[in-house]
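Report on the structure
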Amino acid sequence: MKLGMGDDTSADRPIDPRPVLVVTGLVQEARIAAGPGMMVICSSSDPRQLRSLLTVFDPTSIRGVVSFGVAGGLDPTLKAGDIVVATEVTAGDARWLSGLSLREEHIARAALKKRRVVRGVLAGAEEVVVAQARKAALRMKTGAAAVDMESHIAAAYAAEYGLPFAALRVISDPAHRTLPSLAKDAIKPNGDIDLPMILRGVARNPAVLRGLVSTGIEFNRALRSLRGARDLLLSGLLAAEHFLETEPLAVAEA
């Protein structure tokens, strides 16, 4: 799925009119990201589908790649709604450096709106990391602050075509949270929630309701923060001249 393509302009000087490619996993993320200067694609939380979408995408039609959306927390100090701007992305033995430098004034601006913004490593995964124990193991192995299923694919694509890359992710389920299996299974391919499945699951096992409610509250908090994170992108994190002058994505030594 593709959303939101438009032109970008600068009051100071002409800039590359090509949009930034924004890679998301959920429809909700794609809707938040869509707007002028953004070409948004949504994987429907399916890494294979994302790779397929990128194979038919023309890399000469964009000026950079951004991974944008929610993520699972690995750093135990991070809470739902905290924003992670990637310094690098890792998956297996591969590591990709992010070309985005975060300016202190943007952190201060976010802090005024009670959003915590940190720099950190993002880990890439091919499936949702559900259990607290798996999150802890991934944190120990990679040192990553958060994990998602799109950033490593977007980073590899940007590296292949020499495009600038950045990743901005908001914590949805913190490191201490084990996602209820029902919540994971009830996510439809388009990212929507299968409510009848949820209701049937609660009817069979009412004890899961508390975990589902907590997960839903944290997810909604993350989406609210993600809307603010998009404002950060537009107000300076990906200022067009800065993003264009950044060196293309570098691949770190394993």
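Let me begin by describing the structure that accompanies this report. (Residues numbered from 1 in each chain as written. Predicted model: local features only at pLDDT ≥ 70, side-chain atom pairs only at ≥ 80, totals over all residues. Heavy atoms only, no water.)

Attention now moves to the side chain of D148. Within the element layout of this structure, D148 appears in strand 8 (residues 146–148). Judged by relative accessible area, which is 4%, D148 ranks as buried. In terms of polar contacts, D148 uses its side chain to reach the backbone amide nitrogen of S151, at 2.7 Å. Sequence-distant contacts of D148, defined by excluding residues within four places in its chain, comprise S67, V70, A71, L122, A123, G124, A125 and R169. (Helix = DSSP H or I, 4+ residues; strand = E, 2+ residues; numbered from the N terminus. Buried < 20%, exposed > 50% of the residue type's maximum accessible area, 1.4 Å probe, protein only. Polar contact = N/O pair within 3.5 Å; in protein donor to acceptor, adjacent residues only side chain to side chain. Contact = heavy atoms within 4.5 Å.)

With that out of the way, let us pick up the environment of E218. Structurally, the position occupied by E218 is in helix 8 (residues 209–237). Taking the C-alpha atoms as reference points, E218 and A80, separated by 138 residues in sequence, lie 5.6 Å from one another. Once you skip the residues sitting within four places of it in the chain, E218 turns out to touch A80, S172, D173, P174, H176 and R177. A distance of 3.0 Å separates a polar atom in the side chain of E218 from a polar atom in the side chain of R177.

Before going further, it helps to spend a moment on unusual backbone geometry. Despite not being glycine, S44 shows a phi value in the positive range, around 55°. Tracing the sequence through the fold places S44 in the loop between strand 3 (38–42) and helix 2 (47–55). A positive phi angle, near 60°, is found at S45, a position not held by glycine. Residue class for S45 comes out partly exposed when judged on its relative accessible area of 26%.

Right, let's get into helix 2. Those residues of helix 2 lying buried are P47, L50, L53 and L54. The buried residues of helix 2 occupy one face: seen down the axis, they fall within an arc of 120°. Among the exposed residues of helix 2, those pointing more than 90 degrees away from its buried face are R48 and T55. By the N-cap criterion, in which a side-chain oxygen at the helix start approaches the backbone nitrogen of a residue two or three places on, helix 2 is capped by D46, the distance to R48 being 3.0 Å. (Arc of directions from axis to C-beta.)

A word on the pattern of salt bridges. Enumeration according to the criterion identifies ten salt bridges in this entry. Taking the shortest distance from any N to any O, the salt bridge between R48 and D46 comes out at 3.8 Å. You can call D46 partly exposed: its relative accessible area is 25%. Across the salt bridge formed by E88 and R95, the nearest N and O atoms sit 2.5 Å from each other. Judged by its relative accessible area of 15%, E88 is buried. Via salt bridges that share partners, D148, E150 and R169 belong to a single interconnected network. (Salt bridge = Lys/Arg side-chain N within 4 Å of Asp/Glu carboxyl O.)

With that settled, the discussion passes to the nonpolar core. Among the nonpolar cores identified, the biggest contains 29 residues, and L21, V65, Y157 and F165 are the most heavily contacted of them. Of all the secondary structure elements, the ones that give two or more residues to this core are strand 2 (20–24), strand 3, helix 2, strand 4 (65–73), strand 5 (83–91), strand 7 (117–124), helix 5 (151–160) and strand 9 (165–173). Among the elements that take part in this core, helix 5 stands out by supplying five residues, more than any other. Those residues in contact with Y157 that lie beyond four places of it in its chain are L21, L54, F57, D58, P59, I62, V65 and L163. Grouped together as the second largest cluster of nonpolar side chains are 24 residues, A33, V66, I83 and A166 included. (Core = buried A, V, L, I, M, F, W, Y, C linked by side-chain atoms within 4.5 Å.)

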